[in-house]
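Residue-level structure breakdown
One-letter residues, chain by chain:
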Amino acid sequence: MRKNGKILRYGVILALFFSCFMLVGGGAWGEEPILPVKVCVLSMFEVGENSGDFAGEFQHWYENFFEEARAYEVPGMPDSFYLDSQGMGGTVTGMGKAQSASTLTALLLDPRFDFSRTYFIVSGCAGGSPERTTLGSVVWCYAAVDYELGHSWKESDGPLEKPTFLMMESLRDSGYIPLNKDFVAWAWEFTKDISLQDDPKAQAYRELYLQEAANGAPSVQQGVSVTADSYWHGEGSSETAEYICSLYEAGTYGVTQMEDNAFAKVLKNFGLLERMLILRDVVNFDQPHPDQTVEESLQASSGGFSIGMTNGYRVGSAVAKHILENWETWKEGFPGK
């Protein structure tokens, strides 16, 4: 009996050994090897299909990188993850802080992929302040600031003409997330002269604004990205965004959106923040022109959406292609040039 028990124990140990070997060794037992991802683009929504119709945030990326790529279904993700043969990956994450954070977390935890050397590019649309940007511009963001993470109250419940937001120091780590500013500055320098698309409808809409920046042509810029689940709009809300950025000493905000702090916090938790870029294309102004109400501004068709989608892809893909084509230089981290 003792001999049989010993044999049984050895059998169990051997079975466990081979099970672990199959998990770690992967391809030696017919399973696929762990796949390295060199660049991963994160877009938040698509209007219809991924190709062949009116383009949302992901379509230009899909048509140029992923039509022949393999699609992977990842538990916890609302859409497929695409990965091509050169290590370029991408997905539609869903909108808002909760969905985008849960999607990226699920993706990073999938054991089929190696993200230890991945460069992440958030590529999507945003609202822009007419004080410093215009329709069709694209902004490389060097920090993300959370518009909602703190104490707030309605203006009617507080002292008149006083701010309605109080920063919580205990939440600073999520409320203000600086990115690798050298990396961001390099991306801007590398792409600042790329030709951007414009549209007569957008040109006419810009002229309704009094600010000089709003009347300019699309350009590649740098700025702070302000994150909020609420799609806020109006001059008063813009002033609040300015105030919150000043509390963090983050700099003057340029664009507003619904996901960037969530993505940045997840990558920070995984030790990957230094490899992150946020690129936002401006498709609307975040406040009305003098002859509009806030509601009219929210419902207006400015002509900025399609040129924003095109320009965001042109600028973001230039960086992605450069990294892929020069992987030996980039694989260990931003080379600083």
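Report on the accompanying structure. (Residues numbered from 1 in each chain as written. Predicted model: local features only at pLDDT ≥ 70, side-chain atom pairs only at ≥ 80, totals over all residues. Heavy atoms only, no water.)

So, about the overall build of the chain. Within the chain one finds 11 helices and 14 strands. Projecting the C-alpha coordinates of the chain onto the three principal axes gives extents of approximately 90 × 45 × 40 Å. Relative to its 337 residues, the chain shows a buried fraction of 51%. Once local pairs closer than 6 in sequence are excluded, the contacts in the chain between residues at least 24 apart make up 78%. As displayed, the chain offers around 16100 Å² of accessible surface, 54% of which is attributable to carbon and sulfur atoms. Between the mean site of the 25 positive side-chain charges and the mean site of the 45 negative ones, the chain shows a separation of 15 Å. (Helix = DSSP H or I, 4+ residues; strand = E, 2+ residues; numbered from the N terminus. Buried < 20%, exposed > 50% of the residue type's maximum accessible area, 1.4 Å probe, protein only. Contact = heavy atoms within 4.5 Å. Areas by Shrake-Rupley, 256 points an atom, 1.4 Å probe, with all protein chains shown as cover. Lys, Arg positive; Asp, Glu negative; His and termini not counted. Charge placed at Lys NZ, Arg CZ, Asp CG, Glu CD.)

Most of strand β7 (residues 119-128) sits inside the fold, with 10 of its 10 residues counted as buried. Both strand β2 (residues 39-43) and β7 contribute to a ladder of 4 bridges, which runs parallel. In the strand pairing of β7, Leu42 is matched with Val122. The pairing of β7 with strand β14 (residues 276-285) spans 9 bridges and is parallel. Considered in β14, the bridge of Ala126 is made with Val282. (Pairing = 2+ DSSP bridges.)

On to unusual backbone geometry, then. A positive phi angle is found at Glu249, which is not glycine, with a value near 55°. On the accessibility criterion, Glu249 (70% relative accessible area) is exposed.

Once that is clear, we can look at the packing of aromatic side chains. Considering all chains together, one arrives at 30 aromatic pairs under this definition. Seen from their ring centres, Phe58 and Tyr62 are 6.3 Å apart, and the 50° between their planes marks the pair as tilted. Residues Phe58 and Tyr62 agree in their burial class; the two are buried. Pairing Tyr119 with Trp330 gives two aromatic rings, centres 5.5 Å apart and planes at 80°, and the pair type is edge-to-face. Linking Tyr119 in strand β7 with Trp330 in helix α11 (residues 327-330), this pair joins segments that are 211 residues apart in sequence. Look at Tyr119 and you get buried, because its relative accessible area is 1%. These aromatic residues form a ring-pair network of at least three members: Phe58, Trp61, Tyr62, Phe65, Phe66, Tyr82 and Tyr313. The ring of Tyr253 carries the charged tip of Arg132 above its face, separated from the ring centre by 5.3 Å. (Phe/Tyr/Trp six-rings, centres within 6.5 Å; stacked < 30°, edge-to-face > 60°. Lys NZ or Arg CZ within 6 Å of the ring centre and 35° of its normal.)

Helix length check: helix α7 (residues 235-248), at 14 residues, gives a terminal C-alpha distance of 20 Å against a target of 20 Å (1.5 Å per residue), a fit within 8%. Looking only at α7, the buried set comprises Ser238, Thr240, Ala241, Ile244, Cys245 and Tyr248. Down the axis of α7, the smallest arc covering the buried residues is 155°, so these residues share one side. Of the exposed residues in α7, the ones pointing more than 90 degrees away from its buried face are Glu235 and Glu239. (Expected span 1.5 Å × (residues − 1). Arc of directions from axis to C-beta.)

Taken as a whole and judged by the stated rule, the model has 13 salt bridges. Residue Lys268 pairs with Asp173 through a salt bridge whose shortest N-O separation is 2.5 Å. Of this pair, Lys268 sits in helix α8 (residues 260-269) while Asp173 sits in helix α4 (residues 172-175); the two residues are 95 residues apart in sequence, bridging distant segments of the chain. Residue Asp173 is classed as partly exposed on the basis of its relative accessible area of 37%. The shortest N-O distance in the salt bridge between Arg280 and Asp260 comes to 2.7 Å. With Arg280 in strand β14 and Asp260 in helix α8, the pair connects residues that are 20 residues apart, well separated along the chain. (Salt bridge = Lys/Arg side-chain N within 4 Å of Asp/Glu carboxyl O.)

A water-sized probe, rolled over the atoms, reveals where empty space remains. Across all of its chains, the model carries 1 cavity of 30 Å³ or more by this definition. Of the volumes computed, that of the largest cavity is approximately 40 Å³. As for the largest cavity, its lining consists of Glu57, His60, Trp61, Ser123, Gly124, Asp281, Met309, Gly312 and Tyr313. Of all the secondary-structure elements, those providing two or more residues to the lining of the largest cavity are α2 (59-66), β7 and α10 (305-325). Among the elements that take part in the lining of the largest cavity, α10 stands out by supplying 3 residues, more than any other. Here the residues of the lining of the largest cavity are counted per class, giving 3 nonpolar, 4 polar and 2 charged. (1 Å grid on protein atoms, 1.4 Å probe; cavity = no way out; pocket = protein on both sides within 12 Å on 5 of 7 lines; lining within 4 Å. Points joined across faces, edges and corners; volume = space filled by probe spheres on them. Nonpolar A, V, L, I, M, F, W, Y, C, P; charged D, E, K, R; others polar.)

This brings us to the layout of surface pockets. Considering only enclosed or pocket space, the largest pocket measures out at about 290 Å³ in volume. If you trace the largest pocket, you find 22 residues lining it, with Cys125, Tyr231, Thr256, Gln257 and Met258 closest to the centre. The set of elements that each furnish at least two residues to the lining of the largest pocket consists of β7, β12 (220-227), β13 (253-257) and β14.

Among the surface-exposed residues, Glu49, Asp53, Glu63, Glu67 and Glu68 lie close enough to one another that they form a single negatively charged patch. As for its position among the elements, Glu68 is in the loop between α2 and β3 (70-72). (Patch = residues over 30% accessible without salt bridge, like charges linked within 9 Å, V, L, I, M, F, W, Y side chains within 5 Å.)

Remember that the coordinates give geometry; whether it matters functionally is a separate question.
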